[in-house]
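# Secondary and tertiary structure notes
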Amino acid sequence: MHKLQVEAAPQVAAKLWTPANIVTLIRICLVPVFVVVLLSPWPQWFHLPDLAEHSKSLIAAAIFVLISCTDWLDGYLARSRGEVTDFGKFMDPLADKFLIIGALLAAVPVYEEFEWALIISLLVIVFRELAVSSMRLIAKNAQGLVIAAALPGKIKTFSQCIFVLLLLLEEYIFAF
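Described in the following lines is the structure provided in the data block. These figures come from a predicted structure and were not determined experimentally. Throughout, residues of each chain are indexed from 1 in the direction in which the sequence is written. Restriction of local features to residues with pLDDT of at least 70 applies here, the model being predicted, together with a cutoff of 80 or more for giving and counting side-chain atom pairs; totals for whole chains, interfaces and linings are based on all residues. Only hydrogens and water are removed before side-chain values are computed, so all heavy atoms of the structure are retained for them.

### What about the environment of P41?
- Mapped onto the fold, P41 is located in the loop between α1 (19-39) and α2 (42-45).
- Classification of P41 as partly exposed rests on a relative accessible area of 40%.
- Considered as a pair, P41 and K56 are 15 residues apart in the sequence and their alpha carbons are 9.0 Å apart. To qualify as a helix, a DSSP run of H or I must reach at least 4 residues; to qualify as a strand, a run of E must reach at least 2; elements of each kind are numbered from the N terminus. Summary of the burial criterion: residues with accessible area below 20% of their type's maximum are buried, those above 50% are exposed, and those between are partly exposed, where the area comes from a 1.4 Å probe applied to protein chains only.

Structure, rendered in C-alpha cells:
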C-alpha cells in the first residue's frame with residue numbers, strides 16, 4: 001500500500017492569485033468550452049458546412065489535450081515558484097475531476113455504441129472521486145491537514161485522460 005502525502009496547512013504559501021492557481025482556474029473554465037465543442041452544432045453556427053460533423057471530435061480532442069497539459073503546467077509553476085497553496089492543492093484535483101467527468105458525460109450521447117461502458121465508468125469515477133474528496137475534507141477539518149496528490153492518483157488521472165483521448169479519436173484510430 002502506498003503512503004499518503006500529508007502536509008500541514010500552515011506551511012504553504014498564503015497567496016491566492018498565483019500563476020499556478022490562475023492556470024487551474026482557466027482549466028476549469030475551459031471544460032465547458034470542450035463540452036460545447038463536442039456536443040453543439042457549432043459548425044452550423046459559424047456557417048462552416050465543409051467542416052464535417054466528425055471533425056468536431058478531433059477539435060474537441062485538441063482542446064482536451066490542451067486542458068490536460070495545463071495540469072502539468074500549474075503543478076510546475078507552483079513548485080518552481082514556491083507557491084504551493086491549499087487552494088491549489090484542492091482545486092487542481094477538482095479541475096481534473098471536472099475535465100474527466102465532463103468528458104465522459106459529453107461522450108455518452110456522442111458515442112452511443114459505448115453508452116453502457118461510459119455510464120459504468122462514470123459511476124465508478126464519480127463515486128471514487130466523492131470518496132477521496134470526502135476523505136480529504138475530513139482530514140482537513142479534523143486535523144488541519146491537506147492531503148496532496150500522490151503518484152497513484154496522478155497515474156489514475158493520466159490513465160483516464162488517455163482513455164478519454166482514445167475515445168475522442170476512436171473514429172480516426174479504428175478507421176482502417
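Having seen the structure, we can now continue with the description.
### So, the pattern of salt bridges
- Any Lys or Arg side-chain nitrogen located within 4 Å of an Asp or Glu carboxyl oxygen qualifies as a salt bridge. With the rule as written, the count across this model stands at eight salt bridges.
- A salt bridge links R27 to D71, with the nearest nitrogen and oxygen atoms 3.2 Å apart. In this pair, R27 sits in helix α1 while D71 sits in helix α3 (residues 55-80), placing the two residues 44 residues apart along the sequence. In this pair, the class of R27 matches that of D71, namely buried.
- For K97, the salt bridge identified is with E129, shortest N-O distance 3.1 Å. Pair noted here: K97 is in helix α4 (residues 86-110) and E129 is in helix α5 (residues 115-143), with a separation of 32 residues, a long-range link.

### So, the packing of α3 against α4
- Fitting a line to C-alpha atoms yields each axis, with helices limited to the stretch in contact; the angle taken between N-to-C directions then spans 0 to 180 degrees. α4 packs onto α3 with a crossing angle of 165° between their chain directions and a minimal axis gap of 11 Å. Classified by the angle between their axes, α3 and α4 sit roughly antiparallel to one another. In this structure, α3 crosses over α4, and the sense of that crossing is left-handed. Here F64, I67, S68, D71 and D74 of α3 come into contact with α4, specifically with D92, D96, L99, I100 and A103.
- When grouped by side-chain class, the residues that make up the contact of α3 with α4 number five nonpolar, one polar and four charged. An angle below 35 degrees is read as roughly parallel, one above 145 as roughly antiparallel, one from 65 to 115 as roughly perpendicular, and any other as oblique. Each helix crossing is assigned a hand: it is left-handed if the near helix lies turned anticlockwise from the far helix by less than a right angle, otherwise right-handed if that turn is clockwise. Here a residue-residue contact requires only that any non-hydrogen atoms of the pair lie within 4.5 Å. Under this grouping Gly is polar, as are all residues other than the nonpolar Ala, Val, Leu, Ile, Met, Phe, Trp, Tyr, Cys and Pro and the charged Asp, Glu, Lys and Arg.

### Considering α5
- Expected span, for any helix, means 1.5 Å times one less than how many residues it has. Look at α5: 42 Å from first C-alpha to last across 29 residues, which is about the 42 Å you get at 1.5 Å a residue.
- Looking at α5, one finds that the buried residues are L118, L122, I125, E129, V132, R136 and A139.

### A look at the layout of surface pockets
- By volume, the second largest pocket is sized at about 180 Å³.
- As defined here, a cavity is a set of points on a 1 Å grid over the protein atoms alone where a 1.4 Å probe fits but cannot get out. A pocket is an open set with protein on both sides within 12 Å along at least five of seven lines, and residues line them when an atom is within 4 Å of a point. Lining the second largest pocket we find K89, F90, P93, L94, K97, F98, I101, V126, E129, L130, S133 and R136.
- Looking at the lining of the second largest pocket, the elements that each hand over two or more residues are α4 and α5.
- With seven residues, α4 is the largest single contributor of residues to the lining of the second largest pocket.
- Along the lines of polarity and charge, the residues of the lining of the second largest pocket split into seven nonpolar, one polar and four charged. Grid points are joined across faces, edges and corners, and a volume is the space filled by probe spheres set on the points.

### Regarding the packing of α1 against α3
- Running from amino to carboxyl end, α1 crosses α3 at an angle of 170°, the nearest separation of the two axes being 9 Å. The orientation of α1 with respect to α3, classified from their angle, is roughly antiparallel.
- Residues that form the contact of α1 with α3 fall into these classes: 18 nonpolar, three polar and four charged.

### With respect to helix α6 (residues 151-168)
- The end-to-end C-alpha distance of α6, which contains 18 residues, comes to 26 Å, matching closely the 26 Å that a straight helix rising 1.5 Å per residue would cover.
- Within the span of α6, buried status applies to T157, Q160, C161, V164, L167 and L168. Down the axis of α6, the smallest arc covering the buried residues is 125°, so these residues share one side. Exposed and facing more than 90 degrees away from the buried side of α6 are L151 and F158.
- In this fold, the buried residues of α6 make contact with α1, α3, α4, α5 and α7 (170-173). An arc is given here, and it is the one of the directions from the helix axis to the C-beta atoms.

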